[in-house]
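As a plain string of letters, each chain reads:
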Amino acid sequence: MARFAGKVVLISGGARGQGAAEARLLVAEGGRVVIGDVLEAQGRALAAELGAAARFVRQDVTRLEDWAAAVEAAESMGGLHGMVNNAGIYVPKPLMQTDAELFERHMRVNQLGCFLGMQAVVPAMERAGGGSIVNISSTAGLRGSPGALAYCATKWALRGMTKAAAVDLAPRGIRVNSVHPGPIDTDMVKVWTNEQRAVRLSQIPIGRIGEAEDVARVVLFLLSEESAYMTGAELSVDGGASL
Ligand SMILES: NC(=O)c1ccc[n+]([C@@H]2O[C@H](COP(=O)([O-])OP(=O)(O)OC[C@H]3O[C@@H](n4cnc5c(N)ncnc54)[C@H](O)[C@@H]3O)[C@@H](O)[C@H]2O)c1
């Protein structure tokens, strides 16, 4: 299926995990991808694996100039039609163990990064005739998440920013939606002890931890024309964990 033929999608934090799964699926469906990440070796290896349809750009999402370079790379590949604000950090600490530095670090990467990204892609998406932005929040953006105050704060922020941006950008032909993964088996959750993982698993009605591809397929739906009448929506991909 060539659902994404002629389309270019920028994925922040795309070197591994969910972002990498999205890059692979997009290329398999005829699209081209710009993979941004601070992980240079992994990002370059993924771009090499995907061939001419992929480019890696070293990108720290907290830096305006890195966003400009990533957008430029996308336009050099044929325009910018989609963007996934996927980069994120998760350093879980409860309220009383969260200091200002940890709080600000989460805000800079997860929240400021998403804001800068949405702003950076708008002119290029307008030049491409419209586009779709997908912000990766979390079930931690739908309810309280145990022992992860700063992370939770930023993921709630992404949910609100998605809805505000959806209203602002609809007249420009740009849709903005959020995705809320539950526990997904990537490097991010390697911080969990076996006990913490077992507790998470016991809370999932579908009975398994998610795979990166479970989220990637939903992200591709939101990037595609199949979701043309959706903006400001929030989709949980969590095996029922937030029920
Ligand atoms: N894994 C889960 O259980 C889970 C659940 C809900 C939401 N999420 C969210 O999904 C997204 C993808 O996470 P993942 O599960 O693939 O984990 P991951 O840690 O494998 O991927 C995150 C990526 O973001 C990159 N990144 C971190 N800081 C960055 C920066 N300053 N600039 C650019 N890139 C940066 C990392 O290098 C990494 O490649 C994140 O936003 C995460 O918060 C994950």
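- The name that an unreviewed UniProt entry assigns to the protein is Glucose 1-dehydrogenase, with the source organism given as Paracraurococcus lichenis.
- Of the protein, the UniProt comment under Sequence similarities (unreviewed entry) reads exactly: "Belongs to the short-chain dehydrogenases/reductases (SDR) family."

Notes on the site of the ligand
- Around the ligand sit 27 residues, and of these R16, D37, N86, Y151 and T186 come closest.
- One of the side-chain nitrogen or oxygen atoms of Y151 is found 2.7 Å away from an oxygen atom of the ligand.
- Looking at the shell around the ligand, the elements with two or more residues in it are helix 1 (17–28) and helix 5 (149–169).

Structural notes on the nonpolar core
- Counting 31 residues, the largest nonpolar core has L10, V34, L80, V121 and I133 as the members making the most contacts within it.
- Elements with a contribution of two residues or more to this core: strand 1 (8–12), helix 3 (64–76), helix 4 (100–127), helix 5 and strand 6 (174–181).
- For L10, the contacting residues outside a window of four places in its chain are V34, W67, A70, V71, L80, G82, M83, V84 and V121.
- Judged by nonpolar contacts, the second largest core, of 24 residues, contains V179, I184, L220 and L223.

Considering the pattern of salt bridges
- Applying the stated criterion across every chain, the model contains 17 salt bridges.
- For E40, the salt bridge identified is with R44, shortest N-O distance 3.1 Å. Of this pair, E40 and R44 both sit in helix 2 (residues 40–50), separated by 4 residues, roughly a single helical turn.
- In this structure, the salt-bridge partner of D214 is R217, at a minimum N-O distance of 3.2 Å. On the criterion of helical spacing, the pair formed by D214 and R217 is a turn pair, its members being 3 residues apart in helix 7 (residues 212–223).
- When salt bridges with common partners are traced through the structure, they connect R3, E29 and E226 into a single cluster.

Some details on the sheet that holds strand 2 (residues 32–37)
- The sheet built from 7 strands is open, its strands ordered 3-2-1-4-5-6-7 with parallel pairing. Each having just a single partner strand, strand 3 (54–58) and strand 7 (234–237) make up the two edges of the open sheet. The average angle at which neighbouring strand axes cross in this sheet is 20 degrees, direction not considered.
- One ladder, built from 5 bridges, connects strand 2 with strand 3; its direction is parallel. Paired with D37 across the bridge in strand 3 is R58.
- The strands that helix 1 touches are strand 1, strand 2, strand 4 (82–85), strand 5 (131–136) and strand 6; relative to strand 1, the one it contacts most, it runs at about 170 degrees.

Section: the pairing of strand 5
- Of all 6 residues making up strand 5, 6 are buried, and the element is well covered by its neighbours.
- Residues G131, I133 and N135 of strand 5 are buried on one face, and the alternating residues S132, V134 and I136, pointing to the opposite face, are buried as well.
- Looking at chain direction, strand 4 and strand 5 are connected through 4 bridges and run parallel. Looking across to strand 5, one finds that G82 is bridged to S132.
- Chirality of the crossover, the property in question, places the unit of strand 4, helix 4 and strand 5 among those that are right-handed.
- Pairing between strand 5 and strand 6: 6 bridges, direction parallel. When the bridges of strand 6 are listed, I136 appears paired with V179.
- Handedness of the crossover is the feature at issue here: the chain leaves strand 5, passes through helix 5, returns alongside strand 6, and the resulting connection is right-handed.

Overview of the packing of helix 4 against helix 5
- Taken N-terminus to C-terminus, the directions of helix 4 and helix 5 make an angle of 15 degrees; their axes are 9 Å apart at the nearest point. It follows that helix 4 is roughly parallel to helix 5 by the angle criterion. Note that helix 4 runs across helix 5; the crossing there is right-handed. Contacts between helix 4 and helix 5 pair L102, F103, H106, M107, N110, Q111, C114, F115, M118 and V122 from the former with L149, A150, Y151, A153, T154, K155, A157, L158, M161, A165 and L169 from the latter.
- Of the residues belonging to the contact of helix 4 with helix 5, the class tally is 16 nonpolar, 4 polar and 1 charged.

The rules behind the values
- Residues numbered from 1 in each chain as written.
- Predicted model: local features only at pLDDT ≥ 70, side-chain atom pairs only at ≥ 80, totals over all residues.
- Heavy atoms only, no water.
- UniProt positions renumbered as here; feature names shortened; annotations may be inferred.
- Near = heavy atom within 4 Å.
- Polar contact = N/O pair within 3.5 Å; in protein donor to acceptor, adjacent residues only side chain to side chain.
- Helix = DSSP H or I, 4+ residues; strand = E, 2+ residues; numbered from the N terminus.
- Core = buried A, V, L, I, M, F, W, Y, C linked by side-chain atoms within 4.5 Å.
- Buried < 20%, exposed > 50% of the residue type's maximum accessible area, 1.4 Å probe, protein only.
- Contact = heavy atoms within 4.5 Å.
- Salt bridge = Lys/Arg side-chain N within 4 Å of Asp/Glu carboxyl O.
- Pairing = 2+ DSSP bridges.
- Axes fitted to C-alpha atoms, helices over the stretch in contact; angles between N-to-C directions.
- Right-handed = clockwise from strand over helix to strand, strands pointing away.
- Parallel < 35°, antiparallel > 145°, perpendicular 65-115°, else oblique.
- Left-handed = near helix turned anticlockwise from the far one by under 90°.
- Nonpolar A, V, L, I, M, F, W, Y, C, P; charged D, E, K, R; others polar.

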